[in-house]
Amino acid sequence: MERSPDRYFDELYSVDADLARVGASISEAGMPDISVAAGYGRLLTFLMRVSGARSAMEIGALGGYSGICLARGMPDDGRLVSLELKAEYAELAKANLTAAGLGHKAEYRIGDARASLESMKADGERFDFFFIDADKENYPFYLECCISLANRGAIIAADNTLLRGKTIDESRQGPSVKALRGFNATIARDERLEGVHLPAYDGLALARVK
Ligand SMILES: C[S@@+](CC[C@H](N)C(=O)[O-])C[C@H]1O[C@@H](n2cnc3c(N)ncnc32)[C@H](O)[C@@H]1O
């Protein structure tokens, strides 16, 4: 079988014990294997570090894979706020960050992210970095909330912008696909953002809040 470019590059890297533990714990718990792709996980750490971000908010914790990648790139007194619908997922994510020596940076808000975001807006919270990786229909709403919660120059990353090809297939007109198309266009054109789209893996959007 031909190797994909994504796989070729992934295989150049050494096994990461902390991230391998996340994968094993997810499959042991019977949870879906939908953590961010390895290359984008590395990119999250890289962007956190080079941007000097001290705080991050992620929407969608699952087993803590992206949480580890974000927390690794921030200073030791940095802060990760992770929004997760399911209490048992947040618990596993917290355990995996703790096992990776990063648990002290992470706090979890359990429940529908929309409610957590409204309450963070009301509290005047601010973050340097955002990772959107939850239910796709709400991406446009999540993007608006992230812009409201952003420090000047903050970075917003969002996973699965291609929806395994559905985004570019005109015959697909479901609510998630339509939401992603609108989201992608906003990243490209909104005056408040400086956006860029990466087409590797399942697609990643990046934007800097002006
Ligand atoms: C793709 S997974 C997140 C993967 C994670 N970011 C990673 O890379 O390790 C999506 C997660 O979003 C959570 N989720 C879905 N809808 C949500 C909602 N409305 N509010 C909060 N979390 C939600 C799911 O329970 C799931 O854990």
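Here the structure is a predicted model, which means the values were calculated and not measured. (Residues numbered from 1 in each chain as written. Predicted model: local features only at pLDDT ≥ 70, side-chain atom pairs only at ≥ 80, totals over all residues. Heavy atoms only, no water.)

### Re the nonpolar core
Note the threshold: As used in this record, nonpolar core signifies buried Ala, Val, Leu, Ile, Met, Phe, Trp, Tyr and Cys residues forming a set joined through side-chain atoms within 4.5 Å. Think of it in three bands: with a 1.4 Å probe and only protein chains considered, a residue is buried below 20% of the maximum accessible area for its type, exposed above 50%, and partly exposed in between. For helices the rule is a DSSP run of H or I covering at least 4 residues; for strands it is a run of E covering at least 2, with both sets numbered from the N terminus onward. Any two residues whose heavy atoms approach within 4.5 Å are treated as being in contact.
Membership of the largest hydrophobic core comes to 36 residues, with the highest contact counts inside it found for L97 and F129. Sorting the residues of this core by element identifies α2 (17-28), α3 (38-51), α4 (65-72), α5 (87-99), β3 (106-110), β4 (127-132), β5 (150-159) and β7 (204-209) as the ones contributing at least two each. The residues touching F129, leaving out its near neighbours within four places in the chain, are L44, L47, M48, S51, A53, S55, A56, M57, L70, I155 and A157. In this structure, Y142, L180, F183 and A205 belong to the second largest nonpolar core, which totals 31 residues.

### Looking at the sheet that holds strand β2 (residues 79-84)
How we decide: For two strands to be treated as a pair, DSSP must find no fewer than two bridges joining them. Note on geometry: axes are lines fitted to C-alpha atoms, helical ones only across the stretch in contact, with angles between N-to-C directions running from 0 to 180 degrees.
Judged by pairing direction, the sheet is mixed, and its 7 strands sit side by side in the order β3-β2-β1-β4-β5-β7-β6 without closing on themselves. On the outer flanks of this sheet lie β3 and β6 (193-198), each paired with one strand and no other. Mean inter-strand twist for the sheet, computed between neighbouring axes without regard to direction, equals 15°. The pairing of strand β1 (residues 55-59) with β2 spans 5 bridges and is classified as parallel. Bridge pairing in β2 links A56 to L80. Lying on the sheet, α3 is in contact with β1, β4, β5, β6 and β7; it crosses β4 at an angle near 170°. Packing against the sheet, helix α8 (residues 175-189) makes contact with β4, β5, β6 and β7, and its axis sits at approximately 125° to β6.

### Description of the packing of aromatic side chains
Between two aromatic rings, the relevant description is the distance of the centres plus the angle of the planes. Under the convention used in this document: The criterion for an aromatic pair is that two Phe, Tyr or Trp rings (for Trp, the six-membered ring) have centres within 6.5 Å, with stacked assigned to planes under 30 degrees apart, edge-to-face to planes over 60 apart and tilted to the rest.
Per the counting criterion, the structure on display carries 5 aromatic pairs. Residues Y8 and F9 carry aromatic rings whose centres are separated by 4.9 Å and whose planes lie at 65° to one another, so their mutual orientation is edge-to-face. Its relative accessible area of 37% is what places Y8 among the partly exposed residues. Ring geometry for F127 versus F130: centroids 5.9 Å apart, planes at 70°, classification edge-to-face. Of the residues examined, F130 reaches a relative accessible area of 0% and is grouped as buried.

### A look at the packing of α2 against α5
Heads up, the condition is: In this scheme, roughly parallel covers angles under 35 degrees and roughly antiparallel covers those over 145, while 65 to 115 is roughly perpendicular and the rest are oblique. Left-handed describes a crossing whose near helix is turned anticlockwise from the far helix by less than a right angle; the clockwise case is right-handed. Only Asp, Glu, Lys and Arg are considered charged, only Ala, Val, Leu, Ile, Met, Phe, Trp, Tyr, Cys and Pro nonpolar, and every remaining residue, Gly among them, polar.
The interhelical angle for the contact between α2 and α5, taken along N-to-C directions, is 155°, at an axis separation of 10 Å. One element, α2, and the other, α5, form an angle in the roughly antiparallel class. By crossing handedness, the relation of α2 to α5 is classed as right-handed. Contacts between α2 and α5 involve D18, R21, V22, S25 and I26 from the former and L92, N96 and A99 from the latter. Along the lines of polarity and charge, the residues of the contact of α2 with α5 split into 4 nonpolar, 2 polar and 2 charged.

### Regarding the site of the ligand
Put simply, the rule is: Note on definitions. A residue lies near a molecule or strand when any single heavy atom of the residue is within 4 Å of it. N or O atoms closer than or at 3.5 Å make up a polar contact, with two conditions inside protein: a donor-capable atom paired with an acceptor-capable one, and, for residues adjacent in sequence, both atoms drawn from side chains. The protein chains shown are the only cover counted for residues, whose accessible areas, like all others here, come from Shrake-Rupley with a 1.4 Å probe.
Inspection of the region around the ligand gives 19 residues, with V36, G60, S66, E84 and D133 positioned closest. Within the contact set of the ligand, a nitrogen atom lies 3.2 Å away from a side-chain nitrogen or oxygen of D112. Within the contact set of the ligand, a nitrogen atom lies 2.8 Å away from a side-chain nitrogen or oxygen of D133. Compared with its free state, where it exposes 600 Å², the ligand has 91% of that area covered by protein. For the shell around the ligand, the class distribution of residues is 11 nonpolar, 4 polar and 4 charged.

### A look at α3
The condition is simple: The span one expects for a helix is its residue count, reduced by one, times 1.5 Å.
Under the 1.5 Å per step criterion, the end-to-end length of α3 is 20 Å for 14 residues, consistent within 8% with the ideal 20 Å. By the burial criterion, the buried members of α3 are G39, Y40, G41, L43, L44, T45, L47 and M48. Positive backbone phi, at 75°, marks G52, one or two positions downstream of α3.

The values are spatial; any link to function lies outside them.
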